[in-house]
Amino acid sequence: GNAWQRAWQVASWAEDRAELVLDHDPSDRPREWPFRYEARQSFTLVPDALAIATEIVNRDVRPMPLSFGHHPYFPISPEARIAVPVTHFWDSDAAMLPSARVPVPETLDLAAGRALRELTLDTCFAGWRRSAKLAWPDLNLTLETEADAAFDHFVVYTPPERTYFCAEPQSAAPDAVNLAAR
C-alpha cells in the first residue's frame, strides 16, 4: 500500500481523539501511486472502544481506483486465539498475490476460533460478517473488531517469528487493481 509506511500529519488532537492527514502527490513518489489524493483518519476513544473513521478524497483529474485497509499489529501470546467466520479465501500465486477466490477448506476455518500459534497465514478472506474476536486467555484480554460494509475482506497474517499477528479489515483483496485486469 501507498500510505501505510508514510508520515501522516497531525491535523488535530485532544485527550480522546486524533485526526491524521496524508496528502499524496505523485510527483513526490512517482513509482508508488500515479493519482493525487488526500486521506484522513480520525481515531476517537469512546467507552470501552476505539472508533476509527477514514475518508479518501481523489484530488486527481482522473477517476482513481481505491482499495483500503487497516493494518493493526497485535502481540501474540502462547494462548492467543482468533475467531472470524469466513466463507471464502483468495488462493495466492507464487508471488503471494491473490489468484482465485475459493471456498474456505476445513483447515482454514476460523469460525469456532483457532490458536494463532497453530496457524501460518498470509491470507485474504472474504465472506466475513465484518466482526472478528481476538482473545488472549493467558492475559485475560479480549478484543472485538467490527467494520463497515466497505471492508468486505479480512486478512490474517501470522509471520514465522510469531511475536505478533495482524487481523486486518480491508476493502478489497491485495493487488485488487491488477487482479481485476487478470
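None of these values were measured; they are calculated from a predicted model.

How each quantity is defined
Residues numbered from 1 in each chain as written. Predicted model: local features only at pLDDT ≥ 70, side-chain atom pairs only at ≥ 80, totals over all residues. Heavy atoms only, no water. Buried < 20%, exposed > 50% of the residue type's maximum accessible area, 1.4 Å probe, protein only. Helix = DSSP H or I, 4+ residues; strand = E, 2+ residues; numbered from the N terminus. Pairing = 2+ DSSP bridges. Core = buried A, V, L, I, M, F, W, Y, C linked by side-chain atoms within 4.5 Å. Contact = heavy atoms within 4.5 Å. Phe/Tyr/Trp six-rings, centres within 6.5 Å; stacked < 30°, edge-to-face > 60°.

**Remarks on the pairing of strand β1 (residues 9-14)**
- Counting buried positions along β1 gives zero out of six residues, so the element sits mostly on the surface.
- Summarising the sheet, β1 and strand β2 (residues 17-24) pair through five bridges and their orientation is antiparallel. Note that in β2 the partner of Val10 across the bridge is Leu20.

**A word on the nonpolar core**
- Of all hydrophobic cores here, the largest spans 25 residues; its most connected members are Ile82, Val84, Phe125, Phe154 and Phe165.
- At three residues, the largest contribution of residues to this core is made by strand β11 (residues 131-136).
- Setting aside chain neighbours within four positions, we find Val84 in contact with Leu110, Ala111, Trp128, Ser131, Ala132 and Phe154.

**Quick look at the packing of aromatic side chains**
- For the coordinates displayed, the defined rule picks out eight aromatic pairs.
- Their ring planes at 55° and their centres at 6.4 Å tell us that Tyr157 and Tyr164 sit as a pair that is tilted.
- Among the residues examined, Tyr157 registers a relative accessible area of 25% and is labelled partly exposed.
- Grouping aromatic residues by their ring pairs yields a cluster made of Tyr73, Tyr157 and Tyr164.

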